[in-house]
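The chain contents come next:
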Amino acid sequence: MSRVGLVLHQERKEAVQAAKKALRWLARHGHDARLLSEDKRLTGLDVRGAGEARFGQGLDLVVSLGGDGTMLRTVRIVAEHDVPILGVNLGQLGYLTEIDPPELDAAFERFFAGKHRIEERMLLAITSHEDSWIALNEAVLERPIAGHTVQIGVELDGDFFTTYAADGLIA
């Protein structure tokens, strides 16, 4: 039995329909599923929920049902747990997602049979004076006030690299 988490685009009915289909498939094949508590409350789906802080713990797979924004939300929530994410495109562009909804059953079959490929993506840990966050693939840092530059210190894998004085930086 595997444990699978689902993260839904909260404003798309298609995400709820795709989640229902995924939950049926997972139950039929003996897998345990959970939703974010917030997604569970909004959708009314009858499945175990977990808050963001504990959601990724012990999961074998997370399914992101939405578009690129939902994928970025999913990454932010589970990044520290090193869980593979399967992105299902319910959005407009789908640059970050991998499959379309009709392909979900086949994707599950490949994953649970071990016939899948995991694509490692770069994560950036961004820390400012006010906040810190995780970014997938890229981040844009810019000056808060026109006419001023910012000092941006860069570390690579925890080792100092350089400091930039600039209007901004795309990393």
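First, a word on scope: everything that follows refers to the structure included in this document. All values derive from a computational prediction rather than experimental measurement. (Residues numbered from 1 in each chain as written. Predicted model: local features only at pLDDT ≥ 70, side-chain atom pairs only at ≥ 80, totals over all residues. Heavy atoms only, no water.)

**Observations regarding the overall build of the protein**
Basically, it comes down to this: Starting at the N terminus, helices and strands are each numbered in turn, a helix being any DSSP run of H or I of at least four residues and a strand any DSSP run of E of at least two. Only protein chains enter the area calculation, which uses a 1.4 Å probe; residues under 20% of their type maximum are buried, those over 50% are exposed, and those in between are partly exposed. Note on definitions: a residue-residue contact is assigned when non-hydrogen atoms from the two residues lie within 4.5 Å. Surface accessibility in these figures is a Shrake-Rupley result with a 1.4 Å probe; residues are shielded only by whichever protein chains are displayed. Charge counting treats Lys and Arg as positive and Asp and Glu as negative, with His and both chain ends excluded. Where a charge sits is defined by one atom per residue type, namely NZ (Lys), CZ (Arg), CG (Asp) or CD (Glu).
Secondary structure summary: the protein contains five helices and eleven strands in total. Counting the 171 residues in the protein, one finds 37% classified as buried. A separation of at least 24 residues holds for 51% of the contacts in the protein among residues at least 6 apart in sequence. Roughly 10,600 Å² of accessible area belongs to the protein as shown, and the carbon and sulfur atoms make up 48% of that amount. Of the charged side chains in the protein, 19 are positive and 26 negative; the average position of the first set lies 10 Å away from that of the second.

**Considering the sheet that holds strand β3 (residues 48-50)**
Put simply, the rule is: Here, strands pair whenever DSSP counts at least two bridges between them. In this description, a line fitted to the C-alpha atoms serves as the axis of each element, helices being fitted only across the stretch in contact, and the angle between N-to-C directions of two axes falls anywhere from 0 to 180 degrees.
The five strands are arranged β3-β2-β1-β4-β5 in an open sheet whose pairing can be described as parallel. Unpaired on one side and paired on the other, β3 and β5 (85-89) mark the two borders of the sheet. The mean inter-strand angle of the sheet, taken between neighbouring strand axes irrespective of direction, is 30°. Along the sheet face, helix α1 (residues 13-28) touches β1 (3-8), β2 (32-36) and β4 (61-66) and points at about 170° away from the line of β1. Against the sheet, helix α5 (residues 104-112) touches β1, β4 and β5, its axis set at about 165° to β4.

**Quick look at the pairing of β4**
Quick reminder of the rule: Throughout, right-handed denotes a crossover for which the path from the first strand over the helix to the second runs clockwise when the strands point away from the viewer.
Counting buried positions along β4 yields six of six residues, so the element is predominantly enclosed. The two faces of β4 match: Leu 61, Val 63 and Leu 65 on one face and Val 62, Ser 64 and Gly 66 on the other face are all buried. Strand direction decides the pairing type here: β1 and β4, joined by five bridges, are parallel. Counted as the bridge partner of Leu 6 is Val 63 from β4. Taken together, the five bridges between β4 and β5 define a ladder with parallel strand orientation. Within the sheet, the bridge partner assigned to Ser 64 lies in β5 and is Gly 87. Considered for its hand, the β-α-β crossover made up of β4, helix α4 (residues 68-78) and β5 is right-handed.

**Describing the side chain of Arg 34**
The test is simple: The salt bridge criterion pairs a side-chain nitrogen of Lys or Arg with a carboxyl oxygen of Asp or Glu, the two atoms within 4 Å.
Tracing the backbone through its elements, the reader meets Arg 34 in strand β2. The side chain of Arg 34 sits in the buried core without any salt bridge; Asp 32 is the nearest counter-charge, 5.2 Å away.

**With respect to the pattern of salt bridges**
Using the criterion set out here, one finds four salt bridges in the structure. For Asp 32, the salt bridge is made with Arg 48, and the minimal N-O distance between the two is 2.5 Å. Of this pair, Asp 32 sits in strand β2 while Arg 48 sits in strand β3; the two residues are 16 residues apart in sequence, bridging distant segments of the chain. With a closest N to O distance of 2.9 Å, Arg 121 and Glu 119 form a salt bridge. Judged by its relative accessible area of 30%, Arg 121 is partly exposed. With a relative accessible area of 41%, Glu 119 lands in the partly exposed category.

**Some thoughts on the side chain of Arg 73**
Applied cut-off: Pairing of N or O atoms within 3.5 Å defines a polar contact, subject to two protein rules: one partner must be a possible hydrogen donor and the other a possible acceptor, and residues neighboring in sequence count only if both atoms are side-chain atoms.
Looking at the element boundaries, Arg 73 is found in helix α4. A polar contact of 2.9 Å, which involves the side chain of Arg 73, links it to the backbone oxygen of Leu 8. When near neighbours in sequence (up to four residues on either side) are disregarded, Arg 73 contacts Val 7, Leu 8, Gln 10, Leu 36, Glu 38 and Asp 39.

**As for α5**
Put simply, the rule is: The directions from the helix axis to the C-beta atoms are what the arc is built from.
Turning to α5, its buried residues number three or more, namely Leu 104, Ala 107, Phe 108 and Phe 111. Along the axis of α5, the buried positions cluster into a sector of 100°, meaning they face one direction only. Buried positions along α5 lie against α1, β4 and β5. Two residues or fewer past α5, Gly 114 is found with a positive phi of approximately 75°.

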